[in-house]
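# Chains, contacts and geometry: an overview
This is what each chain is made of:
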Amino acid sequence: AVAAARVGPSRPLPGLRGLTSAAASRHGTAPSRPSTLAAQRRWFSAPAPEQYEFKAETKKLLDIVAKSLYTDKEVFIRELISNASDACEKLRFLQGSSQLQDIHDEDIPLQVKLSVSEDERQFTIQDTGVGMTREELISHLGTIAKSGSLDYVNSGDTDASKIIGQFGVGFYSTFVVADKVEVFTKTCDPEKGSQGYLWSSDGSGSYTIAELDDVPRGTRIVLTLKDDATEFAKLATIKKAAEKFSSFIDFPIFIKEDGEDKAVNKQEALWMKTSATEEEHTQFFRFLSSTSYGKPYYSLMYQTDAPLSIKSCFYFPDPDNAPSRMFARDPEVGISLHSRRVMVKKNADGVVPKWLHWMKGIVDCEDMPMNISRESMQDSRLMEKLSMAVVRRVLRFLDKEAKKDPEKYGKFFKGYSYYLKAGIIEDKEANNGRHKDDIMKLLRWETSKKSKGEVISLEEYISTAKDGQKNIYYFCCPDRSTAMSSPYMEQFIQRDRNVLLLYEEIDEYVVNTIEGFKGWTMVSVDSADKDFELDLDPVEEQKSENELNVDQQKELSSFIKSVLKERVQEVKYSSRLVSSPAIVTSIISPHMRKMMKNMMAGKEDTGFGSIPMTLELSAKHHIVTTLHAIRESNEPVARIAVEQMFDNACIAAGTLDDPRILLARLGKVLEMFVYQGAGFDYAKGEYVSTTGDSPPKPLDAPETGKAKAEGGSKFEEEKPVVKKAEEAKA
């Protein structure tokens, strides 16, 4: 359209024609072709837009860079060591690729040196790398955010993974702590000259460059520290910071101490290697743990290029030294995050979840986009990918070790079982169960068919289950003996069913979180109204002549409800009982019920403090059938029996809050036994002769009379009245 307009189109552009026609119509005239063409030419011949560059107040910009990018003052040490390492790496590459045949000061090795002077408030760092010319000083130090290292990487003639810098602002972190910065430098290349230079600035927005003789190859930076940064003129502070941030730099770092150069980074960056010996792993584990003893229980080196370039090593401490949960409310993750051997984050909690905090190790990812201060990552999606890759590799490594040596893994699991189980819960909350299947393969529990202390996995449980079984049965209980004697286990023992025995309180939350495994459903043996797959292994039922019929069951249920009142929601009869008269069930398992009541302590007025239960009875059990028989003929005894039977069932379920409340009733039961042993008939309310030949000895006899039809057990309401010995004789 533009070209057509310039050579004179046969007709105007539609948009312009509409505009000119509208304008002409407002004046009552029709536009002519020449006027339309002239309007088009005026439109396209408008002056070109002028271009301007942004301006910045250099001092203000320096102040922002120096004070706003970094959260910790000590970070300047990391930045300067990184720059020094890059300078040495560039020279090593130029020599290795034969781009430089001759260099200044050939006898000086590639290294970095640190020194301090408390009297002069000075910090000094010196490298023997490539150095700079005058032009490079102006280009690299005189231009904020100009990265010489990034330019070097973009040239394509180097190994980018060994170059650390990329933003061009690290050098200016020196102004966070320094009033004055001096840079002494000389290039390594004789063809670029042999003149040394001194670059100097106080951070006020300008700098000076002066020629200087007798400057060795490389760069030496001298900081005159501010009054509030004098701690960086202390040897201990500098040494600690250098070890913290740059322990694994490729080149030796020395610090002048007592007149001698002492190595700072003695430890090799083990994770950068493809393999390591057991001794190397032990030494590195001790270095990460800051101890001089101990060895890792498991060691893992993990390197991959997809989805990210990751180099890492992980150590699993001995389970005998597993951390205590008693005082560790918010533990720090023991794995640090590095980028190209330089530490970015000491505690990589964004990569490694809290439930794996006890591990030691290092994750080095050079693909991660860091923010400009190199203290955190920018892309949360890539962080998520990194975390997913690392955690998945750790879990699958443990699964492999568990299959290779079950006994060794069994000891490991005993020490760290709580954290792996907590991982199931936390992973569902944070990642919607991303690692659920991998963690579940690592879980181990005792079972009813194995001996004490012998544990199995969920996969092993499934492989040994009965044909057609689709449920994984479990029982939350305090210990094995309690579990095996529980009435809830009777039908499973009778049918030779395997049941997982869960002893820790967290287990109940875990099974409620996972719900199932590989299509199998988790079912608690003490749950109510669940399909226990009784048709898989039917047993021959023993018929009882005294079994209660339907009408008798209703009569006894009404009597029990009148005694227990609101403590039971329902009384029903069940076939799950084998040798016990009764159990209690609820909409939640008894174990979960107990934990909920503990959590709701003091909130009984909300209605949650007392969750109603169902009392399940065996219609065949002799206690139940006898209870039906005496409910009218001997109501006091029947009522006390109902109370005790219910309490026994609650004890079996573990829901009885305080067994001391039973003492009064147990005293009554003992009293009843004693009086009956003395010949007292509670049904008649009088003493009777135990033999036909001789009357009972004179005793004080209780006088209870008949039980009241209403108002509960008379036996509980009043103590027996003692009769005189003469009346007893009569």
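Our subject is the structure that appears above.
What comes next concerns the included structure.

Conventions used here
Residues numbered from 1 in each chain as written. Predicted model: local features only at pLDDT ≥ 70, side-chain atom pairs only at ≥ 80, totals over all residues. Heavy atoms only, no water. Pairing = 2+ DSSP bridges. Helix = DSSP H or I, 4+ residues; strand = E, 2+ residues; numbered from the N terminus. Axes fitted to C-alpha atoms, helices over the stretch in contact; angles between N-to-C directions. Contact = heavy atoms within 4.5 Å. Salt bridge = Lys/Arg side-chain N within 4 Å of Asp/Glu carboxyl O. Buried < 20%, exposed > 50% of the residue type's maximum accessible area, 1.4 Å probe, protein only.

Once that is clear, we can look at the sheet that holds strand 7 (residues 253–257). Across the sheet, 8 strands lie side by side as 5-4-3-6-2-1-7-8; this open sheet has mixed pairing. Edge positions in the sheet fall to strand 5 (208–212) and strand 8 (260–263), since each has one partner strand and no second. Strand-to-strand twist across the sheet, computed as the mean angle between neighbouring axes with direction ignored, equals 20 degrees. Bridge count for strand 1 (residues 112–117) against strand 7 is 3 bridges, and the pairing is parallel. Its bridge partner being in strand 7, valine 112 is matched across the sheet by isoleucine 253. Relative to strand 2 (residues 122–127), helix 5 (residues 75–96) is tilted by about 20 degrees, and along the sheet it contacts strand 1, strand 2, strand 6 (218–225) and strand 7. Against the sheet, helix 8 (residues 235–246) touches strand 1, strand 2 and strand 7, its axis set at about 170 degrees to strand 7.

Read across the sheet, 3 strands follow the order 20-22-21 without closing on themselves; strand pairing throughout is mixed. One side of each edge strand has no neighbouring strand; the edge strands of this open sheet are strand 20 (568–573) and strand 21 (582–585). Each strand axis lies, on average, 25 degrees off the axis of its neighbour in the sheet, ignoring direction. Alignment of strand 21 against strand 22 (residues 613–617), held across 4 bridges, turns out to be antiparallel. Its bridge partner being in strand 22, isoleucine 583 is matched across the sheet by glutamate 616.

Turning our attention to the pattern of salt bridges. Tallied over the full model, the rule gives 37 salt bridges. Measuring nitrogen to oxygen at the nearest pair gives 3.7 Å for the salt bridge that ties arginine 396 to aspartate 438. Of this pair, arginine 396 sits in helix 10 (residues 380–404) while aspartate 438 sits in helix 12 (residues 436–440), and the two are 42 residues apart along the sequence. For aspartate 496, the salt bridge is made with lysine 449, and the minimal N-O distance between the two is 3.6 Å. Taken together, the positions of aspartate 496 in the loop between helix 15 (490–494) and strand 17 (500–502) and lysine 449 in the loop between strand 14 (445–447) and strand 15 (455–456) put the pair 47 residues apart, joining distant regions of the chain. Judged by its relative accessible area of 45%, aspartate 496 falls in the partly exposed class. For lysine 449, a relative accessible area of 44% puts it in the partly exposed group.

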